[in-house]
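One letter stands for each residue in the lines below.
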Amino acid sequence: EEAWSIAIDSSNFEFKNMENFYLGLLKEELAFIIENLKNQKEYTELDEALYEQKILVPLDDEGNIVFKGFVDKILYKTNEGHSVAAIVDYKTGNPELNLNNVIYGLDMQLPVYAYLLKHFEPLKNASIGGFYLQKIINNEKDIDSKKSALKLQGYSNSNPRILEAVDKTYEESTIIKSLRMTKGKFYSYSKVLDDNQIAKMIEIVEMKIADAVQNILAGNFQIDPKEIDGKNVGCKFCKYSDICFLKNENIVKLEKRKKEEFLGGEEDGLD
């Protein structure tokens, strides 16, 4: 209530009746979200947190080139000198969650969060328990659907000893979407990676960032959007399509890949 009042009063804006109506709905929605986030804490052992954490990763010896990221929430726990950490970033849209295009430097949001965590000095040696998006401000109407929509979406560590710290209910998760296992094996729809796959993914992120830096320094800004499986994935979020000199011959057609091909691991699991 206090934070809401401060935000509204400090805006110095005179809201119209319609705007006040929608503000009232938004306030109820935020209160619901906060209550559910509190409830989700009951299912994790990660009892320490950092919020809106800025992470800087120097990319050259002089510190002139820096990769900068902001993470909404880092949950972690340290026990006997070893830490387990997970990243949660709040979203209102529907970003791509699978990792199949990471090899091409596409759909990199979740992998970049894992990269940032591994370069965050206080937790650089921590085991990555998971990296997730949490989609807030959903359009769901009934209570059960709204709660389900607030489940974490992303990738979890497949090591049960690590994952249990993130989610005590991981065998049939209460807080992570589509995470379930039985008889020691995850279902095929569960998004899990082992430590080697996570390390390989972060290595790919590092290579893609290095490539981007090299191209920027060289002034290389070619028009070469990527097409995968007949879909132009390079232009779908571009704001400059109206003034772009894109020609059909500029489009780079890429082979559809599966993450197992470049991260390693098996594709099969329980149906």
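Please refer to the structure higher up on the page.
Residues numbered from 1 in each chain as written. Predicted model: local features only at pLDDT ≥ 70, side-chain atom pairs only at ≥ 80, totals over all residues. Heavy atoms only, no water.

**Concerning the overall build of the protein chain**
When helices and strands are counted, the protein chain shows seven helices and eleven strands. By sequence separation, contacts in the protein chain at least 24 residues apart represent 62% of the contacts at least 6 residues apart. Seen as two clouds, the 35 positive and the 46 negative side-chain charges of the protein chain have centres 3 Å apart. (Helix = DSSP H or I, 4+ residues; strand = E, 2+ residues; numbered from the N terminus. Contact = heavy atoms within 4.5 Å. Lys, Arg positive; Asp, Glu negative; His and termini not counted. Charge placed at Lys NZ, Arg CZ, Asp CG, Glu CD.)

**Quick look at the environment of Lys118**
Residue position: Lys118 is located in helix H3 (residues 109-118). On the accessibility criterion, Lys118 (31% relative accessible area) is partly exposed. Taking the C-alpha atoms as reference, Lys118 lies 8.2 Å from Ile128; in sequence the two are ten residues apart. (Buried < 20%, exposed > 50% of the residue type's maximum accessible area, 1.4 Å probe, protein only.)

**Quick look at the packing of aromatic side chains**
With the rule as written, the count across this model stands at five aromatic pairs. With 5.2 Å between their ring centres and 75° between their planes, Phe21 and Tyr22 make a pair best called edge-to-face. With relative accessibility at 49%, the residue Phe21 sits in the partly exposed group. Sitting over the ring of Phe32, Lys146 keeps its end group 5.0 Å from the ring centre. (Phe/Tyr/Trp six-rings, centres within 6.5 Å; stacked < 30°, edge-to-face > 60°. Lys NZ or Arg CZ within 6 Å of the ring centre and 35° of its normal.)

**A few points about the layout of surface pockets**
Taken as a whole, the largest pocket spans an internal volume of roughly 1300 Å³. In terms of lining residues, the largest pocket is bounded by 31 residues, among which Tyr104, Gly105, Leu106, Asp224 and Lys226 are the most central. Contributing elements (two or more residues each) for the lining of the largest pocket: H3 and helix H6 (195-217). By residue number, the principal contributor to the lining of the largest pocket is H6, which donates five residues. Partitioned by chemical class, the residues of the lining of the largest pocket number 16 nonpolar, eight polar and seven charged. In this model, the second largest pocket occupies a volume close to 770 Å³. Lining the second largest pocket we find 29 residues, and of these Ile33, Ile34, Leu37, Lys38 and Tyr90 sit closest to its centre. Class assignment of the residues belonging to the lining of the second largest pocket gives a composition of 19 nonpolar, three polar and seven charged. (1 Å grid on protein atoms, 1.4 Å probe; cavity = no way out; pocket = protein on both sides within 12 Å on 5 of 7 lines; lining within 4 Å. Points joined across faces, edges and corners; volume = space filled by probe spheres on them. Nonpolar A, V, L, I, M, F, W, Y, C, P; charged D, E, K, R; others polar.)

**Regarding H6**
If you check H6, its first and last C-alpha atoms are 33 Å apart, about what 23 residues at 1.5 Å a residue would give, namely 33 Å. Buried residues of H6: Gln197, Ile198, Met201, Ile202, Ile204, Val205, Ile209 and Val213, and no others. Where H6 begins, the side chain of Asp194 points an oxygen toward the backbone nitrogen of Asn196, at a separation of 3.1 Å. Following H6 by one or two positions, Gly219 has its phi on the positive side, about 70°. (Expected span 1.5 Å × (residues − 1). Polar contact = N/O pair within 3.5 Å; in protein donor to acceptor, adjacent residues only side chain to side chain.)

**Describing the sheet that holds strand E2 (residues 66-79)**
Strand order in the open sheet formed by six strands is E1-E2-E3-E4-E5-E8, and the pairing between neighbours is mixed. The strands lining the two open edges of the sheet, one partner per strand, are strand E1 (48-58) and strand E8 (192-193). Lying on the sheet, H3 is in contact with E1, E2, strand E3 (82-91), strand E4 (127-135) and strand E5 (153-157); it crosses E4 at an angle near 140°. (Pairing = 2+ DSSP bridges. Axes fitted to C-alpha atoms, helices over the stretch in contact; angles between N-to-C directions.)

**So, a nonpolar patch on the surface**
On the surface, Met18, Phe21, Tyr22 and Leu25 cluster together into a nonpolar patch covering about 460 Å² of accessible area. Topologically, Leu25 is positioned in helix H2 (residues 17-40). The class of Leu25 is partly exposed, set by a relative accessible area of 40%. (Patch = residues over 30% accessible without salt bridge, like charges linked within 9 Å, V, L, I, M, F, W, Y side chains within 5 Å. Areas by Shrake-Rupley, 256 points an atom, 1.4 Å probe, with all protein chains shown as cover. Salt bridge = Lys/Arg side-chain N within 4 Å of Asp/Glu carboxyl O.)

**Thoughts on the state of the cysteines**
Disulfide: a covalent bond connecting the sulfur atoms of a pair of cysteines. Per the stated rule, a full pass over the model turns up zero disulfides. No disulfide involves Cys244; its sulfur sits 6.3 Å from the nearest other cysteine sulfur, which is in Cys238. Looking at Cys244, the relative accessible area reads 37%, which means it is partly exposed. (Disulfide = S-S within 2.5 Å.)

**Focus on the sheet that holds strand E10 (residues 231-232)**
The strand order across the open sheet formed by three strands is E10-E9-E11, and the pairing between neighbours is mixed. Strand pairing shows two members of the sheet lacking a second neighbour, E10 and strand E11 (252-254), which therefore form its edges.

**Here we look at the packing of H3 against H6**
Where H3 meets H6, the closest approach of the two axes is 9 Å, and the angle between their N-to-C directions is 95°. Of the possible angle classes, the one that applies to H3 and H6 is roughly perpendicular. Contacts between H3 and H6 involve Pro111, Val112, Ala114, Tyr115 and Lys118 from the first element and Met201, Ile202, Val205, Glu206 and Ile209 from the second. Tallied by class, residues from the contact of H3 with H6 come to eight nonpolar, no polar and two charged. (Parallel < 35°, antiparallel > 145°, perpendicular 65-115°, else oblique.)

**Section: the environment of Gly24**
Within the fold, Gly24 resides in helix H2. With relative accessibility at 31%, the residue Gly24 sits in the partly exposed group. Residues Gly24 and Asp242, 218 residues apart in the sequence, show an inter-C-alpha distance of 38 Å.

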